[in-house]
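Single-letter residue listing:
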Amino acid sequence: MRTPRARHYLMCRPTYFDVVYSINPWMDPKKPVDTPLAITQWERLREVYLNLGHTVDTIEPVRGLPDMVFAANGATVVDGRALVARFRDAERIAEGPAYHDWLRDNGFPDLRTASVVNEGEGDYLLVGDLLLAGTGFRSDPRSHDEAQEFFGRPVVGLTLVDPDYYHLDTALTVLDEQTVAYYPGAFSPGSLAVLRRLFPDAVIASVQDAAVFGLNATSDGLNVVLPQNATALADQLRDRGFNPIGVDLSELLKAGGSVKCCTLELRAAG
Ligand code: ARG
């Protein structure tokens, strides 16, 4: 029997969403984006969360920051403390202060902006007591030390090697306190060996499911919200006693983001 736990999420409406620059292989500024459709798809994701009993706060979107919808990148929030993002790319730098101020003013005064590149929950995923931390494309490996010092939790660094899976949350998802699903092809040989050692029972995703961003999912311990095209992964999850809920975020995928990218978890002090 799997038991869900209600979550507190922060999301950002894609009011100004667009693809006007390219900072990952998914982004093609020449491809048209349907912003109203992106908003409809995002509203649906928000409704799914509300129907599951989660609390969803929203941050005001800022004109000129088309990627701000990807709230996961804004910070990492654990034990009521927030380590706010420092973005790699100039196009996203201004999102950091926006998330900083929102967190400060909405119950997370114990916060700090990272001193080196750190793209928040894009690269930092909490599993039980451990923080898994990605590097290779975005977050600086030195940010792993900073996060360990700030949170006082063990940080396990993982190196990403495939540019299509440039953030940890595109290649690995946390299903419960001890279970993860991941796509092996995204990791360096050493990091893959670490994952096998830490999570011998992990759900292993196919390249097909990874390529539709199936691993860019959220879980409350029972319900796993994931891109609807990741059908084989959904079957694997069902076999393991989870309840997969597919959603369509095709417009946001044009920027290289999906369910998890749109969702920052706000974890209160334990
Ligand atoms: N276009 C955004 C970027 O490349 C997408 C971010 C996706 N977010 C995530 N948590 N993986 O930065």
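Residues numbered from 1 in each chain as written. Predicted model: local features only at pLDDT ≥ 70, side-chain atom pairs only at ≥ 80, totals over all residues. Heavy atoms only, no water.

**Some details on the overall build of the protein chain**
Along the backbone of the protein chain there are seven helices and 15 strands. Computed over its C-alpha atoms, the radius of gyration of the protein chain comes to 17 Å, within 12% of the 18 Å expected for a compact globule of 270 residues. Principal-axis analysis of the C-alpha atoms gives the protein chain an extent of 45 × 40 × 35 Å. Every one of the 270 residues in the protein chain was classed for burial, and the buried ones make up 57%. Across the protein chain, every contact between residues at least 6 apart in sequence was considered, and the portion connecting residues at least 24 apart equals 70%. For the protein chain, the accessible surface area stands at approximately 10,800 Å², while carbon and sulfur atoms represent 50% of it. Here the protein chain holds 25 positive side-chain charges and 36 negative ones, and the gap between their average locations is 1 Å. (Helix = DSSP H or I, 4+ residues; strand = E, 2+ residues; numbered from the N terminus. Rg over C-alpha atoms; globule rule 2.2 N^0.38 Å. Buried < 20%, exposed > 50% of the residue type's maximum accessible area, 1.4 Å probe, protein only. Contact = heavy atoms within 4.5 Å. Areas by Shrake-Rupley, 256 points an atom, 1.4 Å probe, with all protein chains shown as cover. Lys, Arg positive; Asp, Glu negative; His and termini not counted. Charge placed at Lys NZ, Arg CZ, Asp CG, Glu CD.)

**Observations concerning the site of the ligand**
Around the ligand there are 17 residues in total, and Asn 24, Arg 92, His 167, Asp 169 and Cys 261 lie nearest to it. The separation between an oxygen atom of the ligand and a polar side-chain atom of Arg 92 is 2.6 Å. Arg 138 has a polar side-chain atom sitting 2.8 Å from an oxygen atom of the ligand. Considered on its own, the ligand offers 350 Å² of accessible surface; in the complex 100% of this is hidden by protein. For the shell around the ligand, the residue count by class is seven nonpolar, six polar and four charged. (Near = heavy atom within 4 Å. Polar contact = N/O pair within 3.5 Å; in protein donor to acceptor, adjacent residues only side chain to side chain. Nonpolar A, V, L, I, M, F, W, Y, C, P; charged D, E, K, R; others polar.)

**Here we look at the sheet that holds strand E8 (residues 155-159)**
In space, the three strands of this open sheet follow the order E6-E7-E8, with mixed pairing throughout. Two strands close off the open sheet at either side, each with one partner strand: strand E6 (124-127) and E8. With direction set aside, neighbouring strand axes in the sheet form an average angle of 25 degrees. In this sheet, E8 lies alongside strand E7 (residues 130-135) in parallel orientation, the contact comprising five bridges. Note that in E8 the partner of Gly 134 across the bridge is Leu 158. Against the sheet, helix H4 (residues 189-198) contacts E7 and E8, and its axis sits at roughly 135 degrees relative to E8. (Pairing = 2+ DSSP bridges. Axes fitted to C-alpha atoms, helices over the stretch in contact; angles between N-to-C directions.)

**Quick notes on the packing of aromatic side chains**
Applying the stated rule across the entire model yields six aromatic pairs. Where Trp 26 meets Phe 213, the ring centres are 4.8 Å apart and the plane angle is 85 degrees; that geometry is what we call edge-to-face. A residue pair is termed long-range when its members are at least 10 positions apart, and Trp 26 in the loop between strand E1 (8-12) and helix H1 (35-51) and Phe 213 in the loop between helix H5 (207-211) and strand E12 (218-219) qualify at 187 residues. Under the relative-accessibility criterion, Phe 213 is labelled buried at 0%. A cation over an aromatic ring shows up here: Arg 2 above the ring of Phe 242, its NZ or CZ 3.8 Å from the ring centre. (Phe/Tyr/Trp six-rings, centres within 6.5 Å; stacked < 30°, edge-to-face > 60°. Lys NZ or Arg CZ within 6 Å of the ring centre and 35° of its normal.)

**So, the sheet that holds strand E3 (residues 75-78)**
Reading across the sheet, the three strands line up as E3-E4-E5 and stay open at both edges, with mixed pairing between neighbours. At either margin of the open sheet sits one strand with a lone partner, and together these are E3 and strand E5 (111-113). Across this sheet, the average inter-strand angle for adjacent strands is 10 degrees, counted without regard to direction. Pairing of E3 with strand E4 (residues 81-84) involves four bridges; the strand directions are antiparallel.

**Regarding helix H3 (residues 141-151)**
Along H3, the positions that sit buried rather than exposed are Ser 143, His 144, Glu 146, Ala 147, Phe 150 and Phe 151. Buried positions in H3, seen along its axis, are confined to an arc of 165 degrees and lie on one side of it. Exposed positions of H3 whose direction lies more than 90 degrees from the buried face are Arg 142, Asp 145 and Glu 149. The elements touched by buried residues of H3 are E3, E4, E5, E6, E7 and E8. (Arc of directions from axis to C-beta.)

**Section: the pairing of E6**
What you see with E6 is no split at all: Tyr 124 and Leu 126 on one side and Leu 125 and Val 127 on the other are buried throughout. Pairing geometry for E6 and E7, over four bridges, is antiparallel. Bridging across to E7, Leu 125 finds its partner in Leu 132.

**Here's the deal with helix H2 (residues 95-105)**
Side chains of residues three or four places apart in an α-helix project in the same direction, reflecting 3.6 residues per turn. Of all the positions in H2, only Glu 95, Gly 96, Tyr 99, His 100, Trp 102 and Leu 103 are classed as buried. Packing partners of the buried residues in H2 comprise E1, strand E2 (55-59), E3, E4 and E5. A positive backbone phi angle near 100 degrees is found at Gly 107, which sits one or two residues after H2.

Read these as geometric descriptors, not functional statements.
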